[in-house]
Amino acid sequence: MKDEEIKREKRRRRRVRNQILAYLTLAVFAVAVLVALYFCVTGIAGYLSSYNERVSEVMSEAESDAAAELEAQQAQSGAQDDASTESADEGYVSELSDDPLGELVDTLLQDMTIEEMAAGMFIVTPEALTGVQTVVQAGDASKAAITDNPVGGIVYSSKNFKSAEQFTQMLSKMTEFSKYPLFLAVSAECGGEAFSLPDTKKASELTDTDSVAEAYASIGETLASYGVNLNLAPVSEIVSDDGDASLQGRTFGSDAAAAAPLVNAAVQAMQEQGVSAALQKFPGTGTEAKTTEELKNSEFLIYEAAIKGGVDCITVSNVKSTGVTGDDTPDSLSEAVITGLLRESLGFDGVVITDALDDAAVTQSYTAAEAAVAAIAAGADVLYRPEDYTEAYEGVIQAISDGTITEERIYESIYRIYRVKYKNTVSE
């Protein structure tokens, strides 16, 4: 009995001891929690205080920056207002004004690859494009050719013209087949007999701007009805009675000052019909030995008038203006002529077209690839009638690949080309 009581007492004492330990543990835990809460609250308070200080600091900095920016904007706005007022007084248009045509061209070019842009710098004959001896219609062969080689334009001659209906249908089909807009070009001067044009006098027989405008308006209207949008005309050179036989009757005389308004009248009349003019040819066939100063007092008078009048394109001759360049480089491949004279001296920012690159003046010294690359490097935009399109095109692509020609340089030309192709789409 006593043993049983002793056991119960031990068990009671053990329970009491365990309860005391539990209470002590709970008390210690409670104290720890309180201490933790104290430090936590203190830390949070400190963090909040620090955060609030940082917020105040950032807000202060932002207010200061905003004030500075507002002052800068006000100053800039005032400067722009002053500049706008000054420009308005002087009759100039601000460079910051909207350019819907430029925006349209930029948008359209976004989808073009650099290879397509390079191809778009070439104008070739339909025979060179298709391999057919004489092209008088646009069928499957033309469709396949323009798809594989998206050139920028096709130039047609009298052998491609059988009737107005046939020619119109052929050009319409080529427009339909091409992924990108084409220059559909011809060479049609007043007094000519090709393409069933209206009967007009020769240039040498037209002596006033009204008669020139009437002749070229009728030519432009007829060409536009076929679908032609580029005419390699008028002849912008001057020639004397005993000068170049191939130019006799085709020019507006031998005096540049008298010829200038007549050339400009032809350009204006034709372009008003939606057919871009391409002057033939800068600086001229009789300019080989002339100095820059001599050109300024003669041939340049014609080009200055046409450029001021808004001529779309100018063709650069294959002659060698050694008096300007100092070497025997054909003008169509000369940076001194294209960039130095035409671009910089005369301020022309339209489309520069080379003379025919299949001409002996070029082919005797340059391969098709060399001529194409040299023309682009010189500043030309359109490579007209290369001796071998495939070789010329591949030469340009290789030059882009090895850095001889930059992609920016190709874009510069294709941008000019597309401004002309789309200029009638939007109002500038």
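Definitions and limits used
Residues numbered from 1 in each chain as written. Predicted model: local features only at pLDDT ≥ 70, side-chain atom pairs only at ≥ 80, totals over all residues. Heavy atoms only, no water. Helix = DSSP H or I, 4+ residues; strand = E, 2+ residues; numbered from the N terminus. Expected span 1.5 Å × (residues − 1). Buried < 20%, exposed > 50% of the residue type's maximum accessible area, 1.4 Å probe, protein only. Contact = heavy atoms within 4.5 Å. Polar contact = N/O pair within 3.5 Å; in protein donor to acceptor, adjacent residues only side chain to side chain. Pairing = 2+ DSSP bridges. Lys, Arg positive; Asp, Glu negative; His and termini not counted. Salt bridge = Lys/Arg side-chain N within 4 Å of Asp/Glu carboxyl O.

**Comments concerning helix α7 (residues 209-226)**
- For α7, which comprises 18 residues, the first-to-last C-alpha distance of 26 Å matches the rise-based estimate of 26 Å (1.5 Å per residue) to within 8%.
- All buried positions along α7 are accounted for by S211, V212, A215, Y216, S218, I219, G220, T222, L223 and Y226.
- Turning to α7, the residues buried within the fold contact α6 (164-177), β3 (183-186), β4 (230-231) and α8 (256-271).
- With a side-chain oxygen lying 3.1 Å from the backbone nitrogen of D210, the N-terminal cap of α7 falls on D208.
- Once α7 ends, the next one or two residues include G227, with phi positive near 110°.

**Looking at the sheet that holds strand β6 (residues 313-316)**
- Strand order in the open sheet made by the 8 strands is β7-β6-β5-β4-β3-β2-β1-β8, with parallel pairing throughout. The sheet terminates laterally at β7 (351-354) and β8 (383-384), the two strands that pair on one side only.
- In this structure, β4 lies alongside strand β5 (residues 276-282), joined through 2 bridges in parallel fashion. Residue pairing in the sheet places N231 in a bridge with A277 of β5.

**Focus on the side chain of E127**
- Along the chain, the position of E127 falls in helix α4 (residues 126-130).
- The buried charged residue E127 lacks any salt bridge, with K159 as its nearest oppositely charged partner at 4.2 Å.
- Sequence-distant contacts of E127, defined by excluding residues within four places in its chain, comprise V132, Q133, T134, V135, K159 and N160.

**With respect to the pairing of β7**
- Both faces of β7 are covered, namely the face carrying V351 and I353 and the face carrying V352 and T354.
- Relative to β7, β6 runs parallel, the two being bridged by 4 bridges. Directly across from V316, in β7, lies its bridge partner T354.

**Regarding the environment of A369**
- Within the fold, A369 resides in helix α14 (residues 368-378).
- The class of A369 is buried, set by a relative accessible area of 18%.
- As for A369 and E387, which are separated by 18 residues in sequence, their C-alpha atoms are 9.1 Å apart.
- Discounting residues that sit within four places of it in the chain, A369 has contacts with E391, A392 and G395.

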